[in-house]
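The lines below spell out each chain.
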Amino acid sequence: MSRFKVSKFRHTEARPSRREAWISDIRAGTTASCGNHIKSSCHLIAFNSDRPGVLGIVPLESQGEDKRQVTYLGCHSDLVTDLDFSPFDDFLLATGSADRTVKLWRLPASGQALPSVPGLVLGPEPVQVEVLHFHPTADGVLASAAGMAVKVWDVAKHQALTELAAHGDLVQAAVWSRDGALLGTICKDKQLRIFDPRTKPGASQSTEAHKNGKDGRLAWTGIQEHLVSTGFNQMREHEVKVWDTRHFSSALASLTLDTSPGSLMLLLDPDSGLLILAGKGESRLSCYEVLPQQPALSPVTQCLLESVLRGAALVPRRALAIMNCEVLRVLQLSNTAIVPVSYHVPRKAVEFHEDLFPDTAGCVPASDPHAWWAGSNQQVQKVSLHPAHRPHPSFTSCLVPPMEPSLDAAQPAETPVGDTDPSEGFSSPLSSLASPSTPSSLGPSLSSTSGIGTSPSQRSLQSLLGPSSKFRHAQGTVLHRDSHITNLKGLNLTTPGESDGFCANRLRVAVPLLSSGGQVAVLELQKPGRLPDTALPTLQNGAAVTDLAWDPFDPYRLAVGGEDARIRLWRVPPEGLQEVLTTPEAVLTGHTEKIYSLRFHPLAADLLASSSYDLTIRIWDLQARAEQLRLQGHRDQIFSLAWSPSGQHLATVCKDGYLRVYEPRGGPEPLQEGPGPEGARGARVVWVCDGQCLLVSGFDSRSERQLLLYPAEALAGGPLAVLGLDVAPSTLLPSYDPDTSLVLLTGKGDTRVFLYELLPEAPFFLECNSFTSTDPHKKEFFQDDVFPDTTVSWEPVLSAKAWLGGANGQPRLISLQPPGMSPVSQAPREAPARRVPSSAIYLEEKSDQQKKEEVGPGEGWPMWACTGSWLHLVIAFSSLVQPRLGHEPVSHFSRFGSSLGRSSRALKLTHGVQDAGSQGRAEEASSGLAQSKQSQVPLGPWHIFERLRQCAETAALGLQCCESACL
């Protein structure tokens with residue numbers, strides 16, 4: 001007889017469902033968080049959608065031959081970070097969010113309306129909620145983790161029973177033991193801790209779980225003393241460990257897997273001991289059996305998936321197909337579908353196999369919060385899974401009582417899978433102008449306690465369309481060819497990805513050339529036109545150019561970084577470059593590898609920051625021509641760096657996957673750091689929203705370009721919002737205007753410029769579009785809402801010596817209001833004239849065609865025209881000889897300094913340069929609107945959206961790009 005016990009699951013096979021059984025045509029969210037993004041009860045599935053604060057709700061099983069319908073629940077005003085179903089009540093759902101609250105929802109049965117408000121709200125917490133877990137034996141006890149603290153709630157009383165605050169960093173997982181007596185946590189400080197919440201708030205045991213603190217997960221096995229954890233080792237390889245609380249100093253068993261940047265989700269069935277390992281961003285499920293007797297992790301089977309995995313959840317055992325020998329069912333959340341994957345043991349399906357399906361915990365709680373907190377350890381009564389013993393006793397929690405269905409309640413539009421867009425089931429309809437790949441910009445404008453709102457017909461038009469930007473109709477126009485610089489030959493298109501490719505100030509443009517010796521051409525903006533065919537006078541650097549930057553306080557000084565690890569300072573004559581210059585004004589040496597990027601200080605004169613392949617950032621005093629400070633802590637290539645508006649902090653984004661903020665005068669190590677973009681192809685960082693936030697443009701794991709908005713004071717919590725844009729090879733280069741909070745983004749090789757207004761609160765991103773209208777602004781008034789007072793950025797506030805000595809300063813502001821113009825905020829308001837239509841309009845019989853022609857916006861429909869040229873762009877193109885609109889890609893992208901770009905001399909407050917084609921289409925659209933105004937037909941929400949779609953097609957909305965070298 002063999003002394004090794006043979007596993008009954010050794011022949012288990014994974015069976016992915018056929019496409020007919022998929023829940024298709026969904027849009028799943030991919031926001032980084034400690035949760036699994038999907039959970040299941042015995043009746044419902046809840047998952048993160050691509051819109052912040054919105055969950056998709058779908059039945060677990062289809063009813064008859066009808067397809068399962070997905071409805072959408074607006075839960076929070078920000079991202080949903082974790083969710084959990086009650087183990088006793090299949091319709092009670094808890095959600096945690098980045099808006100720092102925890103909410104409990106009573107979900108209805110299939111076919112009924114979703115709730116409009118939560119049943120309970122807990123919080124707010126100091127930081128965003130990361131983890132939620134219901135107690136396994138007591139109804140109304142919930143554990144939540146936010147930041148470094150874990151709270152155990154008595155949900156019915158809205159109060160915390162205890163707070164477990166012994167953690168040194170972000171808590172990544174918090175799970176109850178199976179008997180509900182202990183709570184295990186795993187933290188970013190690499191520690192695995194065991195708590196007895198009813199005894200003391202401190203940890204009773206702790207040990208180092210994994211060598212790397214990134215994305216740890218935890219689960220208790222069927223044996224009370226055993227746990228399983230997943231994480232990363234020092235080599236960033238996935239690692240699985242089995243622990244015994246009686247011998248906590250070292251792991252009982254350890255398993256090292258592959259190398260992958262995504263977190264390893266852990267799905268453990270304590271009854272069978274089967275463990276599913278699912279890596280985010282991967283396309284494989286690995287099944288192991290936890291053998292506590294040996295102890296060991298025994299491989300069972302692997303399953304290759306058709307699509308990339310974004311989240312995963314286990315279906316409760318009470319909902320499995322027992323007579324088909326289904327021992328596990330995993331729900332795979334992909335980008336566009338939920339795919340069930342069943343695990344079967346090949347046995348006869350005509351009898352019940354008791355060894356495969358032992359009794360499991362029922363759905364009737366053993367105690368309440370008061371009894372549990374007083375010391376009760378009563379366990380939930382187990383039930384048999386034998387079909388002859390069903391149905392099991394049901395339970396409805398009194399935490400959120402069921403609501404009686406109302407006949408006049410607003411019914412949410414349920415989305416037929418595969419037929420209708422999921423946005424139709426959401427309370428905040430999407431504008432027809434919004435891109436379908438911009439999840440964060442479509443977030444609901446909801447209060448912290450609102451869900452699906454009232455009917456759209458009962459809202460104002462602004463509430464119906466959601467929040468919008470006052471710059472949403474900004475129009476990009478092409479200046480006359482007389483302002484272009486053409487015939488630029490030999491442009492260097494191979495500058496490093498960390499460089500913007502060229503730079504400009506109010507006088508000149510510096511462009512690196514492809515010729516040997518690191519030559520830089522300096523072009524005069526005041527002398528547009530065709531360049532001569534002969535060679536241009538250049539700056540001879542002697543080494544290939546990696547980055548270059550103009551001094552914001554000295555328009556004649558140019559800093560150039562080279563591959564020889566040197567920074568050269570050039571002095572361009574006031575009359576321009578007349579001859580080849582071979583000797584720079586100064587050479588800064590200190591870096592040991594080639595330069596990444598250069599950034600001048602925004603307030604202090606003669607202060608420059610540089611990053612290099614030697615993984616350091618050095619701050620130079622240009623007057624002393626010496627290095628003054630050195631910053632370290634990067635473990636890989638530095639993609640970008642940016643000074644804060646106050647000049648006190650410096651932010652960097654790195655290839656090692658981290659975003660860091662330094663206080664250079666406080667020390668060489670980062671002040672704080674947080675997770676950056678998942679992709680390693682490149683990134684940019686810029687301070688926005690008056691220094692409250694950091695905007696990062698980068699890539700996700702699928703090479704999709706995205707924007708991430710971080711709170712500057714709490715990077716460790718991850719981004720506030722993530723906005724997916726498109727798939728393209730080049731990094732988006734952001735250009736931010738602090739006066740208007742507008743950011744323009746384009747990449748090398750792109751033909752489109754993105755324009756967004758940024759907000760420090762939800763919905764964070766407001767998309768702006770070009771718009772043409774024959775109804776202009778009042779030109780006799782100064783548009784003070786569009787042109788606030790601007791910063792004098794061409795004058796230094798303090799010297800480099802003063803800043804290095806600890807001094808700080810504030811820049812001076814000036815008004816852009818021309819003399820003799822009154823601000824539009826003081827313009828007299830015109831009283832609206834109400835016109836009552838004749839009753840004959842409603843009595844007249846009209847044909848269907850006449851009714852369609854009369855559908856349009858009613859009285860008071862707003863029309864705007866953007867006449868302010870509030871931001872100037874400098875766009876250089878690879879082909880500069882014969883510029884043609886919209887046919888050649890952008891090679892480089894930059895922006896004028898805000899100094900002259902906002903001075904009254906350079907600013908044109910009115911302009912009329914418009915494309916003739918789009919002007920004609922705009923007049924056509926306006927005439928249609930005018931015709932519909934005369935009809936005065938009452939409009940419903942459908943008419944409004946239909947008319948929006950028609951206007952969008954005829955007006956040809958979209959930001960136009962030009963193909964000029966310089967403005």
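What counts and what doesn't
Residues numbered from 1 in each chain as written. Predicted model: local features only at pLDDT ≥ 70, side-chain atom pairs only at ≥ 80, totals over all residues. Heavy atoms only, no water. Helix = DSSP H or I, 4+ residues; strand = E, 2+ residues; numbered from the N terminus. Buried < 20%, exposed > 50% of the residue type's maximum accessible area, 1.4 Å probe, protein only. Contact = heavy atoms within 4.5 Å. Areas by Shrake-Rupley, 256 points an atom, 1.4 Å probe, with all protein chains shown as cover. Phe/Tyr/Trp six-rings, centres within 6.5 Å; stacked < 30°, edge-to-face > 60°. Lys NZ or Arg CZ within 6 Å of the ring centre and 35° of its normal. Core = buried A, V, L, I, M, F, W, Y, C linked by side-chain atoms within 4.5 Å. Pairing = 2+ DSSP bridges. Axes fitted to C-alpha atoms, helices over the stretch in contact; angles between N-to-C directions. UniProt positions renumbered as here; feature names shortened; annotations may be inferred. pLDDT = per-residue confidence, 0-100. Salt bridge = Lys/Arg side-chain N within 4 Å of Asp/Glu carboxyl O. Polar contact = N/O pair within 3.5 Å; in protein donor to acceptor, adjacent residues only side chain to side chain.

K.L.:
Outline the overall build of the protein, supporting the account with residue identities and numerical values.
P.N.:
Scanning the protein from N- to C-terminus turns up 8 helices and 64 strands. Burial analysis of the protein (967 residues in total) assigns 54% to the buried set. The contacts in the protein between residues at least 6 apart in sequence include a share of 57% that link residues at least 24 apart. Element-wise, carbon and sulfur atoms account for 50% of the exposed surface of the protein, whose accessible area totals about 40,800 Å².

K.L.:
Give a detailed account of the packing of aromatic side chains, specifying residues and quantitative values.
P.N.:
Here the structure, examined in full by the defined rule, presents 7 aromatic pairs. Taking the centre distance of 6.0 Å and the plane angle of 45 degrees together, the rings of tryptophan 372 and tryptophan 373 count as tilted. Accessibility expressed as a relative area gives 1% for tryptophan 372, which makes it buried. Take tryptophan 373: its relative accessible area is 31%, and that puts it in the partly exposed class. Three or more aromatic residues joined by ring pairs form one cluster here, namely Trp176, Trp372 and Trp373. Across the ring face of phenylalanine 699, the terminal group of arginine 681 is positioned such that the distance to the ring centre comes to 5.0 Å.

K.L.:
Describe the nonpolar core, with residues and values.
P.N.:
Residues Phe47, Leu285, Ile338 and Tyr343 are the most contacted members of the largest nonpolar core, which totals 43 residues. Broken down by element, this core gets its largest block of residues, 5 residues, from strand S28 (residues 326-333). In contact with phenylalanine 47, other than residues within four places in its own chain, are Ile26, His37, Ile38, Val54, Leu55, Gly56, Ile57, Val58, Val70, Tyr72, Leu333 and Ile338. In this structure, Val686, Cys689, Leu707 and Ala721 belong to the second largest nonpolar core, which totals 20 residues.

K.L.:
Run through the sheet that holds strand S50 (residues 672-675), naming residues and quoting values.
P.N.:
Spatial ordering of the open sheet is given by S47-S48-S49-S50, a layout of 4 strands whose pairing is antiparallel. Of all strands in the sheet, those bounded by a partner on one side alone are strand S47 (638-643) and S50. On average, adjacent strands in this sheet sit at an angle of 15 degrees to one another, irrespective of strand direction. Summarising the sheet, S47 and strand S48 (residues 650-654) pair through 5 bridges and their orientation is antiparallel. In the sheet register, serine 640 faces S48, and the bridge partner there is valine 653.

K.L.:
Which residues make up the UniProt feature "repeat: WD" (unreviewed entry) in the protein, and what values do they have?
P.N.:
Here, the residues flagged by UniProt with the feature "repeat: WD" (unreviewed entry) are residues 73-107, 588-630 and 631-663. Secondary structure content for residues 73-107 is 0% helix and 54% strand, while the C-alpha to C-alpha distance between its ends is 10 Å. Segment residues 631-663 splits into 0% helix and 52% strand. End C-alpha atoms: 9 Å apart.

K.L.:
Any chance you could break down the environment of alanine 800 for me, citing the residues and the numbers?
P.N.:
Tracing the backbone shows alanine 800 in helix H3 (residues 800-804). Remark: the alpha-carbon pair of alanine 800 and aspartate 621, spanning 179 residues in sequence, is separated by 6.3 Å. Not counting residues within four places of it along the chain, the set of residues in contact with alanine 800 comprises Ala604, Ala605, Asp606, Leu607 and Asp621.

K.L.:
I'd love a proper account of the side chain of serine 260, names of residues and values included.
P.N.:
Following the sequence through the fold, serine 260 ends up in the loop between strand S22 (253-259) and strand S23 (264-269). Classification of serine 260 by relative accessible area gives buried; the value is 8%. Residue contacts for serine 260: discarding those within four places in its chain leaves Phe232, Arg236, His238 and Glu282.

K.L.:
Go over the confidence of the model for the protein, please, and point to the residues and values.
P.N.:
Of all residues in the protein, 75% attain a pLDDT of 70 or more, and the chain-wide mean is 77. This stretch, residues 405-465, has a pLDDT under 50; its non-local contacts, to residues over four places away or in other chains, come to 145 contacts. Note on residues 856-939: pLDDT is under 50 here. Beyond four places in sequence and across chains, it has 226 contacts.

K.L.:
Can you tell me about unusual backbone geometry, naming the residues and giving the values?
P.N.:
Across the chain, the bulk of peptide bonds are trans and the bulk of non-glycine residues have phi less than zero. In this model, glycine 123 is joined to proline 124 through a cis peptide bond whose omega is 10 degrees. Take proline 124: it is sitting in the loop between strand S10 (120-122) and strand S11 (129-134). Here alanine 762 and proline 763 are connected by a cis peptide whose omega angle stands at 10 degrees. When you line up the elements, proline 763 lands in the loop between strand S57 (754-758) and strand S58 (765-767). At histidine 37, a residue that is not glycine, the phi angle is positive and equals roughly 70 degrees. When you line up the elements, histidine 37 lands in the loop between strand S2 (23-24) and strand S3 (38-40). A relative accessible area of 5% means that histidine 37 is categorised as buried. Positioned with a positive phi, leucine 615 is a non-glycine residue whose angle comes to about 65 degrees.

K.L.:
Tell me about the sheet that holds strand S21 (residues 237-244), residues and numbers included.
P.N.:
Sheet architecture is open: 4 strands sit in the order S19-S20-S21-S22, paired in antiparallel fashion. If you trace the sheet from one side to the other, it starts and ends with strand S19 (212-220) and S22, each paired once. For this sheet, the mean angle separating the axes of adjacent strands, direction not counted, is 20 degrees. Here 5 bridges tie S21 to S22, and the two strands are oriented antiparallel to one another. Paired with glutamate 237 across the two strands is threonine 259, which belongs to S22.

K.L.:
Describe the pattern of salt bridges, listing the residues and the values that go with them.
P.N.:
The tally for this structure, following the rule as stated, stands at 33 salt bridges. The salt bridge partner of aspartate 258 is arginine 284, with a shortest N-O separation of 2.9 Å. With aspartate 258 in strand S22 and arginine 284 in strand S25 (residues 284-291), this pair connects stretches of sequence that are 26 residues apart. Among the residues examined, aspartate 258 registers a relative accessible area of 28% and is labelled partly exposed. Between arginine 508 and glutamate 524 there is a salt bridge; the shortest N-O distance is 2.6 Å. Taken as a pair, arginine 508 in strand S35 (residues 508-512) and glutamate 524 in strand S36 (residues 519-524) lie far apart in primary sequence, 16 residues in all. There is no split in this pair, since arginine 508 and glutamate 524 are both buried. Counted as one network, the salt bridges with shared partners bring together Arg178, Asp269, Asp271 and Arg317.

K.L.:
Mind laying out the environment of alanine 559, listing which residues take part and the relevant values?
P.N.:
Tracing the sequence through the fold places alanine 559 in strand S40 (residues 554-562). A relative accessible area of 0% means that alanine 559 is categorised as buried. Each C-alpha atom, one on alanine 559 and one on tryptophan 570, is 6.4 Å from the other, the two residues being 11 residues apart in sequence. Setting aside its immediate chain neighbours within four residues, alanine 559 contacts Asp547, Leu548, Ala549, Arg568, Leu569, Leu598, Phe600 and Leu608.

K.L.:
Can you break down the side chain of aspartate 614 residue by residue, with the values?
P.N.:
Looking at the secondary structure, you find aspartate 614 in the loop between strand S44 (607-612) and strand S45 (617-621). A polar atom in the side chain of aspartate 614 sits 3.1 Å from the backbone nitrogen of threonine 592. A polar contact is formed between the side chain of aspartate 614 and the side chain of arginine 618, at a distance of 3.4 Å. Not counting residues up to four positions away in its chain, the partners in contact with aspartate 614 are His591, Thr592 and Glu593.

K.L.:
Which residues make up the environment of threonine 731, and what values go with them?
P.N.:
Residue position: threonine 731 is located in the loop between strand S54 (721-727) and strand S55 (733-737). Its relative accessible area of 11% is what places threonine 731 among the buried residues. Taking C-alpha positions, threonine 731 is 7.4 Å from lysine 748, a pair spaced 17 residues apart along the chain. Every residue in contact with threonine 731, bar those within four places of it in the chain, is listed here: Arg681, Gly682, Ala683, Arg684, Ser697, Phe699, Thr746 and Gly747.

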